[in-house]
Amino acid sequence: MKNGSVSSEGSALLALQRATHATLQTLATELVDLDLTPSETNALANLADGRARTVSELGAAIGSKPTTLTGVLDRLERRGHITRGSLAGDRRSVLIELTESGRATADAISRTIRELEERALADLDREKVAAFYEVLRALTEVSR
């Protein structure tokens, strides 16, 4: 679509929005026992690798402003899934880390996401999946 026109299938953005809505509903159904909001699920999924992040880093990873993320982090901290501490050498930066229960919950989320992706993409060849990621990168970049 180098000429900027909408494809014959319609708007890529609207299709992405429909797919996002459908996958969020599927994840919510499959993760209902965790009793998390989509934002909480997203935050924990992005922390699942076990690496601590500052609020700014986590916000960038999930596409949220740090001020918006504060409420999500408050709820996750109250539930015992994360801790917030100071970054060595920079007391103004808050470092987010998973607790033991947070790691277990993040692992469950990651496993569910991986299984959903496997089911959804099983019949697609690697080139199509790679092209999809190129589209996602382009849409992310234009939004910055």
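Calculation rules
- Residues numbered from 1 in each chain as written.
- Predicted model: local features only at pLDDT ≥ 70, side-chain atom pairs only at ≥ 80, totals over all residues.
- Heavy atoms only, no water.
- Helix = DSSP H or I, 4+ residues; strand = E, 2+ residues; numbered from the N terminus.
- Buried < 20%, exposed > 50% of the residue type's maximum accessible area, 1.4 Å probe, protein only.
- Polar contact = N/O pair within 3.5 Å; in protein donor to acceptor, adjacent residues only side chain to side chain.
- pLDDT = per-residue confidence, 0-100.
- Salt bridge = Lys/Arg side-chain N within 4 Å of Asp/Glu carboxyl O.
- Arc of directions from axis to C-beta.
- Contact = heavy atoms within 4.5 Å.
- Pairing = 2+ DSSP bridges.
- Axes fitted to C-alpha atoms, helices over the stretch in contact; angles between N-to-C directions.
- Parallel < 35°, antiparallel > 145°, perpendicular 65-115°, else oblique.
- Nonpolar A, V, L, I, M, F, W, Y, C, P; charged D, E, K, R; others polar.

## Regarding the environment of R103
- Here R103 shows up in helix α5 (residues 100–121).
- Overall, R103 belongs to the partly exposed group, its relative accessible area being 43%.
- Between the C-alpha atoms of R103 and D49, which are 54 residues apart in sequence, the distance is 8.8 Å.
- A distance of 3.1 Å separates a polar atom in the side chain of R103 from the backbone oxygen of L98.

## Here we look at the confidence of the model for the protein chain
- Counting all residues, the mean pLDDT for the protein chain is 90, and 93% of those residues have values of 70 or more.
- No element of the protein chain has a lower mean pLDDT than strand β3 (residues 90–98), at 86, and none a higher one than α5, at 97.

## Quick notes on the pattern of salt bridges
- In total, this model carries six salt bridges according to the counting rule given.
- Between R79 and E40 there is a salt bridge whose closest N-O contact spans 4.0 Å. On the criterion of sequence distance, the pair formed by R79 in the loop between α4 (66–78) and β2 (82–87) and E40 in helix α2 (residues 38–47) is long-range, its members being 39 residues apart.
- Put simply, D49 and R53 hold a salt bridge, and the shortest N to O gap is 2.7 Å.
- By relative accessible area, which is 7% here, R53 ends up buried.
- Ionic contacts of the salt-bridge type, sharing partners, join the residues E40, R75 and R79 into one network.

## Looking at α2
- Every buried residue of α2 is listed here: E40, T41, A43, L44 and L47. Projected down its long axis, α2 carries its buried residues within an arc of 165 degrees, all on one side.
- Residues of α2 that are buried make contact with β1 (53–54), α3 (55–62), α4, β2, β3 and α5.

## Overview of the environment of T99
- Its location among the elements puts T99 in the loop between β3 and α5.
- Distance in space between the C-alpha atoms of T99 and I82 is 5.2 Å, their sequence separation being 17 residues.
- When near neighbours in sequence (up to four residues on either side) are disregarded, T99 contacts G80, H81, I82 and T83.
- A distance of 2.4 Å separates a polar side-chain atom of T99 from the backbone oxygen of G80.
- At a separation of 3.1 Å, a polar atom in the side chain of T99 contacts the main-chain amide nitrogen of G102.

## So, the pairing of β2
- Two strands pair when backbone bridges link them, and β2 and β3 are joined in this way by six bridges, in the antiparallel orientation. Paired with I82 across the strands is L98, a residue of β3.
- Where β2 folds back onto β3 in an antiparallel hairpin, the turn is made up of two residues, including G89, whose phi is positive at roughly 85 degrees.

## A closer look at the packing of α2 against α3
- The geometry of α2 relative to α3 is characterised by a closest axis approach of 10 Å and an angle of 110 degrees between their N-to-C directions. As far as their axial angle goes, α3 and α2 are roughly perpendicular. Within the contact between the two elements, α2 uses N42, A43, N46 and L47 and α3 uses L58, A61 and I62.
- For the contact of α2 with α3, the class distribution of residues is five nonpolar, two polar and no charged.

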